[in-house]
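Understanding the architecture of this molecule
What follows is the residue order along each chain.
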Amino acid sequence: MTPAALHPDLGCDPSASVWKLQLHNGTGDMAIVEVLFPLLRGLLWSPPAGEDRLVYPHHAGEKCSRPADTYRSERYQRFSRAETVREASGRYAREITYCGLASMMWMDYFDDAGGLYLASADPEFLLTGLRVEVHVPAEAVPLRYDEPPATLGLGLRKFRPVAPGESWTTPPALVAFHDGDWHWGARQYRAWFDRAGMPDLERLGGSPRPQDLDREAAMLPFYELRRETGVLHRFDELPAIYDRISARYHARHFFIAGWNRSGFDSQYPEYHPDMDLGSPMDLKRVVDHVAARGGFTTFYINSRLFDRSSFFHPTLGREWAIQDADGSTHQEKYGPVEFDVCCPAHRGWQKHLLDFAEWMVRAYGARGIYYDQLGSATPWACYHPGHTHQARGHPDTVHNGLYNQGYVALIEEASRRLRAIRPDSFLMIENCGDLYSTRVWGSLVWNGTLYDEFFNLFKYTFPEVVLIQMIQTRSGAPIEEQEALFRRDLDSAWLLGSVFWLHAPRLEAPPGLTPRQVTRTLQQVDAILPLRQTIAPVLARTRFVDTEGLWLAAKVDEPHRFASHWVGKDEHLVLLVPRGAGRNGNGQPAVDSVEVQLQPHGSSAHTGDASGEHGTGRARSWRVHRYVARVGGALEHYELSLRATPHGRLCLDLWAPKGSGGPSVTPGDWEAWHMEGQRS
């Protein structure tokens, strides 16, 4: 362990310690393939310091309370790919791999008194496991922090072969204590990533985010072509469908899935138009129709799966599949179809995905390509002896940890190829990964299984990344909860400045909801879309800083569900989800006013400096624009002034007292306050 001050290249706080392990393989015939280091065990919550919490980079982020209880609950032990496992030692372990299932290489355990930050500063970005352990000394202890106490462990696992006779030093791991705010950890990780992981724009052929997409508030996915139940719509029906939903939702981005042979989640990777849906020219005519009306089209391609029933599986499927150390493959099932997982670090699979992306742009006129599962599903170590990911200096040794490098190479080569054909092309991926999301236009984050979702974690760490959030009912949730969850997801997408994923069939005919409920949910979408479109230019030039710099007049348990703060050089944007006077739908006090701090707070890289020229604090005058989206009503616009508070902040009054004659805000409304500063 050494002080971080001796490692200025890591960009971390001098208070952090840097951990490395020097390893020598002295065996004559055994390769080391995984190293778990560091592993910090025995972490114990101190009850007087408030409730303990853990932020964990599963997909776009989680924040759970009382993790030693939560992680060994039945809910987490049945949590699909990211479940907790009871190990033979008796410990409960939850470990997800980076990059994809884990979107970043850091986590933070904290309470009101302080926190512990653990991160990997791995310049090679090897396949990495982020491990959380729960240890309960006595078998019969209930799910409580009681005697004997449950303790946590946090660790990092690296997948890297160390051949016989070889020595290897693990990449730096950073361990630091802080004052209890997870934002500190996010800034530490981002400072390091800026040095080690940001893309070279020349290698991408330009910025991954075309400027005209900054004004896109929504996109229109359509999956209802062919599924396992049969043909639902044909290609020649899509022009009329696009015209209807484009006009209905005021969006121009058409996303087509299920167009390939045998339909959605079948016969991957045979990315040819399904003959029952129409001819290749029929599909081309759809793209031409959308373009003629000012829109553009993105096509779905799965980046990971090979159908085991495919005619080509015995040859290409076996050649491209990830193999475990015993020669077995990783199999996944979607609906009735079984797939093998393919290796992104193998050039044969990369070439297939690259060629089809280029073909869709050249032959059909696509503007966007969406690589499904690329940042969403489990990354695996690959031991296939015939794959093109040998260890450097050891051509006979398979490097099992190059999954991430494979996808980075795919993204960068696809970007170069597509931009050579049309400079306005772009890529999308499913879910998040810092290495991937910084190299594409958008990352689709979905609302599936109910868990401790906290998308603010990834958005705060990488505020420039465009998140696309699903605005639809959660089919897996109880019917009686779906309407409230829909509103919560809509509020989240609004506060995070996300692009709205408006899947018309799921919006207009969600299973289980009554016609009255459907009408209410559609009214909310209709109300917020114009406001989201109005503020799009401001979102594009400001930076999301979560709730930093905001003080809510009422104490609420989760302020990030009510407000978000965006900062530019000479402007602030505050997005709000007020619940009306009195108490809101969650029983919490209503948010009656919010104060905005104009002095820099935290890292200047995240908040900017809005205090004056070069931070000198010179006085400014401020002009405020207030926008309200009212359910069932039209967009309204107000202009008013800010009032200064004695402690040097500015205060926004969300609405005037009842009967005062001032503008009122009714339950269900959303607000945006845009503040422009002028030098005095």
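Definitions and limits used
Residues numbered from 1 in each chain as written. Predicted model: local features only at pLDDT ≥ 70, side-chain atom pairs only at ≥ 80, totals over all residues. Heavy atoms only, no water. Helix = DSSP H or I, 4+ residues; strand = E, 2+ residues; numbered from the N terminus. Buried < 20%, exposed > 50% of the residue type's maximum accessible area, 1.4 Å probe, protein only. Areas by Shrake-Rupley, 256 points an atom, 1.4 Å probe, with all protein chains shown as cover. Phe/Tyr/Trp six-rings, centres within 6.5 Å; stacked < 30°, edge-to-face > 60°. Lys NZ or Arg CZ within 6 Å of the ring centre and 35° of its normal. Polar contact = N/O pair within 3.5 Å; in protein donor to acceptor, adjacent residues only side chain to side chain. Core = buried A, V, L, I, M, F, W, Y, C linked by side-chain atoms within 4.5 Å. Pairing = 2+ DSSP bridges. Salt bridge = Lys/Arg side-chain N within 4 Å of Asp/Glu carboxyl O.

This paragraph deals with the overall build of the chain. Summing up its helical and strand segments, the chain has 15 helices and 39 strands in all. Relative to its full complement of 680 residues, the chain shows a buried share of 60%. Of the roughly 26,700 Å² of accessible surface on the chain, 52% is carried by carbon and sulfur atoms.

This part is about the packing of aromatic side chains. Evaluated as defined, the whole model comprises 42 aromatic pairs. Joined through ring pairs, the aromatic side chains of Y223, F255, F264, Y268, Y271, Y300, Y334, F339, F356, Y370 and W501 make up one cluster. Directly above the ring of F454 sits K63, whose terminal nitrogen or CZ lies 4.4 Å from the centroid. Directly above the ring of Y71 sits R94, whose terminal nitrogen or CZ lies 4.9 Å from the centroid.

Quick look at the side chain of E483 now. Mapped onto the elements, E483 comes out in helix α12 (residues 479-495). Using a relative accessible area of 17% as the deciding quantity, one classes E483 as buried. At 3.4 Å, the side chain of E483 forms a polar contact with the side chain of Q517.

One finds Y189 and Y371 to be the most contacted residues of the largest nonpolar core, which totals 185 residues. Among the nonpolar cores identified, the runner-up in size contains 10 residues, and L550, V594, V596 and M675 belong to it.

A few words now on the pairing of strand β11 (residues 128-135). Where burial is concerned, most of β11 is hidden: seven out of the eight residues are buried. The pairing of strand β8 (residues 92-98) with β11 spans seven bridges and is classified as antiparallel. Each bridged residue has a counterpart across the sheet, and for T97 the counterpart in β11 is G129. As judged from the eight bridges shared by β11 and strand β12 (residues 151-162), these two strands associate in the antiparallel manner.

Tallying each qualifying case throughout the model produces 49 salt bridges. The partner of R439 in a salt bridge is E412, with the nearest N and O atoms 3.0 Å apart. With R439 in the loop between α10 (434-437) and β27 (442-445) and E412 in helix α9 (residues 403-421), the pair connects residues that are 27 residues apart, well separated along the chain. For the pair R439 and E412, a shared accessibility class is recorded, and that class is buried. Salt-bridge contacts for E413 lead to R417; the nearest nitrogen and oxygen are separated by 3.2 Å. One end of the pair is E413 and the other is R417, both in helix α9 and four residues apart, which spans about a single turn. Under the relative-accessibility criterion, R417 is labelled partly exposed at 22%. What you see here is one network of salt bridges that share partners, running through E34, R41, E87, R91, E95, R131, E133 and R157.

Counting buried positions over the six residues of strand β33 (residues 571-576) gives six, a clear majority of the element. As defined by bridge partners, strand β32 (residues 563-567) adjoins β33 across five bridges and the pair is classed as antiparallel. In the sheet register, V567 faces β33, and the bridge partner there is H572. The turn joining β32 and β33, which pair antiparallel and follow one another in sequence, is formed by three residues.

Relative to the assigned elements, Q211 resides in the loop between α4 (201-204) and β15 (218-222). Classification of Q211 as exposed rests on a relative accessible area of 72%. Along the primary structure Q211 and A540 are separated by 329 residues, whereas in three dimensions their C-alpha atoms are 9.0 Å apart.

A few words now on the sheet that holds β11. Within the open sheet, the five strands sit side by side as β4-β12-β11-β8-β7. Their pairing is antiparallel. Since the sheet does not close on itself, it has two edges, and those belong to β4 (32-43) and β7 (85-86), each with one partner. Pairing between β7 and β8: two bridges, direction antiparallel. Bridging across to β8, V85 finds its partner in A93.

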